[in-house]
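Here are the chains, one letter per residue:
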Amino acid sequence: PHCDGCCPSQWGLGEDQTIKRFVTDKVTLSTSPQADEITVTAYTGDPKLLDQEVPVELDEQGTLELLDGTCIYVVTAVWNGDAYQGSATYGFLVTD
């Protein structure tokens, strides 16, 4: 869904990576197998630029409260187990 090396506002996000705010104001993130660490950064600001980085905290269930306005959320999951090691990064767009 995105191009390595591009800033999030230049990513090509399709309908399957877009959430309409009227549907929900919270999103629960999960991985299989469960990640050892998940971090989320929201990119906000001018909808054409989305140039302001805002760290977003997850609750104990992995749920994040969506920020107001149009945002791109960048999620990084890290695995440090015996069976799985490495990281994955993906993003999704939230619009009003």
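Our structure is the block above this text.
Just so it is clear, the structure is predicted and the values come from calculations on it, not from any experiment. (Residues numbered from 1 in each chain as written. Predicted model: local features only at pLDDT ≥ 70, side-chain atom pairs only at ≥ 80, totals over all residues. Heavy atoms only, no water.)

Chemist: Please explain the overall build of the protein as it appears in this structure.
Modeler: Broken down by element type, the protein carries zero helices and seven strands. Mapped from its N terminus to its C terminus, the protein presents α and β elements in the order β-β-β-β-β-β-β. By the burial criterion, 32% of the 96 residues in the protein qualify as buried. Excluding contacts between residues fewer than 6 apart, the proportion of contacts in the protein whose partners are at least 24 apart in sequence is 57%. Roughly 6200 Å² of accessible area belongs to the protein as shown, and the carbon and sulfur atoms make up 47% of that amount. (Helix = DSSP H or I, 4+ residues; strand = E, 2+ residues; numbered from the N terminus. Buried < 20%, exposed > 50% of the residue type's maximum accessible area, 1.4 Å probe, protein only. Contact = heavy atoms within 4.5 Å. Areas by Shrake-Rupley, 256 points an atom, 1.4 Å probe, with all protein chains shown as cover.)

Chemist: It is not clear to me how unusual backbone geometry should be interpreted in this structure. Could you clarify?
Modeler: Glycine aside, a negative phi is what most residues show, and trans is what most peptide bonds show. Omega for the bond connecting S32 with P33 falls within 30 degrees of zero, at 0°, which places this linkage in the cis form. Tracing the backbone shows P33 in the loop between β2 (26–28) and β3 (37–44).

Chemist: I keep staring at the nonpolar core and nothing clicks. Help me out?
Modeler: Soluble globular proteins: nonpolar side chains tend toward being buried together. V27, L29, V40, A42, V56, L64, L66, C71, Y73, V75, F92 and V94 form the largest nonpolar core, which has twelve residues in total. Looking at this core, the elements with two or more residues in it are β3, β6 (71–80) and β7 (85–95). Examining the composition of this core, we find that three residues originate from one element, β6, more than from any other. Residues Y43, I72, V74 and L93 belong to the second largest nonpolar core, which totals five residues. (Core = buried A, V, L, I, M, F, W, Y, C linked by side-chain atoms within 4.5 Å.)

Chemist: What is the right way to look at the environment of T63 in this model?
Modeler: Along the chain, T63 turns up in strand β5 (residues 63–65). A relative accessible area of 15% places T63 in the buried class. The residues touching T63, leaving out its near neighbours within four places in the chain, are K26, V27, T28, E57 and L58. Among the polar contacts listed, one links the side chain of T63 to the side chain of T28, at a separation of 2.7 Å. (Polar contact = N/O pair within 3.5 Å; in protein donor to acceptor, adjacent residues only side chain to side chain.)

Everything listed here is a matter of coordinates, which is why it stays silent on function.
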